[in-house]
Amino acid sequence: ISTATTLAGSNFDNCMMNASGVYCMDSDELLAVENSKAATFVTKSGTLQPRKGNPEPRYFETEFGSINSMGLPNNGVDYYLDFVSQDQINHPGKTYFLSITGFNLAEDLELLQKVTDSDFAGVVELNLSCPNVPGKPQTGYDFETVDAILKAVFDVYHKPLGVKLPPYFDIIHFDQMAEILNKYPLSYVNSINSIGNGLYINDDTETVVIKPKQGFGGIGGEYVKPTALANVHAFYQRLNKDIQIIGTGGIQTGKDIFEHILCGASMVQVGTALMVEGPVIFERLTAELEAIMAEKGYSSIEDFRGKLNYL
Ligand code: RRO
């Protein structure tokens, strides 16, 4: 039984990795994922300049998931670019993911120019969906801007690139976003980022649980799995077959991974549960997915990927 996959033209010996934002802020965290059973890693979204992010507390775990308003703390794109460029030399044959996010199109292009000028040979994940920078809307909900960004990006950047999207909640939005995405040579679409601007409260103290934005923050974990599966499958149904899907959202068990793959994902990412359990989680997830595949008689993920049945 193999959980191997192919994504963006690279082969991976497992279909699991971290979600950007979790276990990827610095070289220690990235190496912990690197040295786990995960196939590869993606870095924290890097901006042109390092950022401290929002005031703490800015991450809180609940019974069914998490709420965060980190505010894009990161060491700056140069840090992550240097780290992955060195790590790919230390691990020939492995492919890594660099997440980047600009505050406007010009910054996105400047970030990509840095990637072009570097030795980085991996995949770029352009984050179009950070929900937590005060005053800065989620790009993925502005359809015209997404179109304009992708047009400008693919005019100058010709190496593997995927986009991280926010969740969509209406069929017309799946249709409209897929129509835009299908115009471009994207390697993949990653659905979903956290469900933006949820509110979790403590009724004993009658207060919010995170400080930024009066407690509003991105929701992850068990709460978001049905929304994640809907987005994965909606894009699987609508996108050109050469645009692959990374499924992210609500993965805590091998069964959750099985469901994401059944909906069409070629790779899955783990956020909240990785935060809770640490990189050792990938051993359990791999064993659980393999057990389900064994019971069902599947030997590779291609045996069931995207083959969801309807009533
Ligand atoms: O740093 C964050 O607050 C953050 C980002 Br950039 C993102 O894309 N998604 C998220 O839940 N938090």
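Everything below is about the structure printed above this text.
Residues numbered from 1 in each chain as written. Predicted model: local features only at pLDDT ≥ 70, side-chain atom pairs only at ≥ 80, totals over all residues. Heavy atoms only, no water.

Trainee: Describe in detail the site of the ligand, supporting the description with residues and values.
Mentor: Near the ligand you find Lys44, Asn68, Met70, Gly71, Leu72, Pro73, Asn127, Cys130, Pro131, Asn132, Asn193 and Ser194, and these make up its full shell. The separation between an oxygen atom of the ligand and a polar side-chain atom of Lys44 is 2.8 Å. At 2.8 Å from an oxygen atom of the ligand is found a side-chain nitrogen or oxygen belonging to Ser194. Relative to its free-state accessible area of 310 Å², the ligand is covered by the protein chains to the extent of 92%. Of the pockets mapped on this structure, the ligand occupies the largest pocket. Here the residues of the shell around the ligand are counted per class, giving five nonpolar, six polar and one charged. (Near = heavy atom within 4 Å. Polar contact = N/O pair within 3.5 Å; in protein donor to acceptor, adjacent residues only side chain to side chain. Areas by Shrake-Rupley, 256 points an atom, 1.4 Å probe, with all protein chains shown as cover. 1 Å grid on protein atoms, 1.4 Å probe; cavity = no way out; pocket = protein on both sides within 12 Å on 5 of 7 lines; lining within 4 Å. Sits in = over half its atoms within 2 Å of the grid points. Nonpolar A, V, L, I, M, F, W, Y, C, P; charged D, E, K, R; others polar.)

Trainee: Give me helix H4 (residues 143-156): which residues, what numbers.
Mentor: Taking 1.5 Å of rise per residue, the 14 residues of H4 would be expected to cover 20 Å, and the 21 Å separating its terminal C-alpha atoms lies within 8% of that figure. All buried positions along H4 are accounted for by Phe143, Val146, Asp147, Ile149, Leu150, Ala152, Val153 and Phe154. The inward-facing, buried residues of H4 contact helix H3 (105-116), strand E7 (123-127), strand E8 (161-165) and helix H5 (171-181). (Helix = DSSP H or I, 4+ residues; strand = E, 2+ residues; numbered from the N terminus. Expected span 1.5 Å × (residues − 1). Buried < 20%, exposed > 50% of the residue type's maximum accessible area, 1.4 Å probe, protein only. Contact = heavy atoms within 4.5 Å.)

Trainee: Report on empty space enclosed by the protein, specifying residues and quantitative values.
Mentor: For the coordinates displayed, the defined rule picks out one cavity of 30 Å³ or more. A volume near 100 Å³ is recorded for the largest cavity. Residues belonging to the lining of the largest cavity are distributed by class as follows: six nonpolar, six polar and one charged. (Points joined across faces, edges and corners; volume = space filled by probe spheres on them.)

Trainee: Describe a nonpolar patch on the surface, and please don't skip the residues or the numbers.
Mentor: Taken together, the side chains of Leu199, Ile201, Val208 and Phe216 present a nonpolar region at the surface, about 330 Å² in accessible area. Examined against the element boundaries, Ile201 turns out to sit in strand E11 (residues 201-202). (Patch = residues over 30% accessible without salt bridge, like charges linked within 9 Å, V, L, I, M, F, W, Y side chains within 5 Å. Salt bridge = Lys/Arg side-chain N within 4 Å of Asp/Glu carboxyl O.)

Trainee: Hey, could you go over the sheet that holds strand E3 (residues 16-18) for me, with residue numbers and the actual values?
Mentor: One open sheet holds the seven strands; their spatial order is E3-E15-E14-E9-E8-E7-E6, and the pairing between them is parallel. Two strands bound the open sheet, and with one partner strand each, they are E3 and strand E6 (97-100). With strand direction ignored, the average angle separating the axes of adjacent strands in the sheet is 25°. As defined by bridge partners, E3 adjoins strand E15 (residues 267-270) across three bridges and the pair is classed as parallel. When the sheet's bridge partners are listed, Met16 is paired in E15 with Val268. Here helix H6 (residues 225-238) sits on the sheet and contacts E8, strand E9 (188-191) and strand E14 (244-248); the angle it forms with E14, its principal contact strand, is near 175°. (Pairing = 2+ DSSP bridges. Axes fitted to C-alpha atoms, helices over the stretch in contact; angles between N-to-C directions.)

Trainee: I'd love a proper account of the nonpolar core, names of residues and values included.
Mentor: Grouped together as the largest cluster of nonpolar side chains are 69 residues, with contacts concentrated most on Leu161, Val163, Leu181, Leu186 and Phe235. Ignoring any residue separated from it by four or fewer positions in sequence, one finds Leu186 in contact with Leu150, Phe154, Leu161, Gly162, Val163, Leu181, Asp242 and Ile243. (Core = buried A, V, L, I, M, F, W, Y, C linked by side-chain atoms within 4.5 Å.)

Trainee: With reference to specific residues and values, describe the pattern of salt bridges.
Mentor: Following the criterion strictly, the structure yields 12 salt bridges and no others. Lys225 is the partner of Asp256 in a salt bridge, and the nearest nitrogen-oxygen pair spans 2.7 Å. In this pair, Asp256 is assigned in helix H7 (residues 254-262) and Lys225 in helix H6, connecting sequence segments 31 residues apart. The class of Asp256 is buried, set by a relative accessible area of 6%. Lys225 gets classed as buried once you look at its relative accessible area, which sits at 15%.

Trainee: Can you lay out the pairing of strand E5 (residues 65-68) for me, pointing to particular residues and giving the numbers?
Mentor: Burial along E5 is two-sided: the face carrying Gly65 and Ile67 and the face carrying Ser66 and Asn68 are both buried. Note that strand E4 (residues 59-62) and E5 share four bridges and pair antiparallel. Bridged to Phe60 within E5 is Ile67. The pairing of E5 with strand E13 (residues 216-220) spans three bridges and is classified as antiparallel. Counterpart to Asn68 in the pairing with E13 is Gly218.

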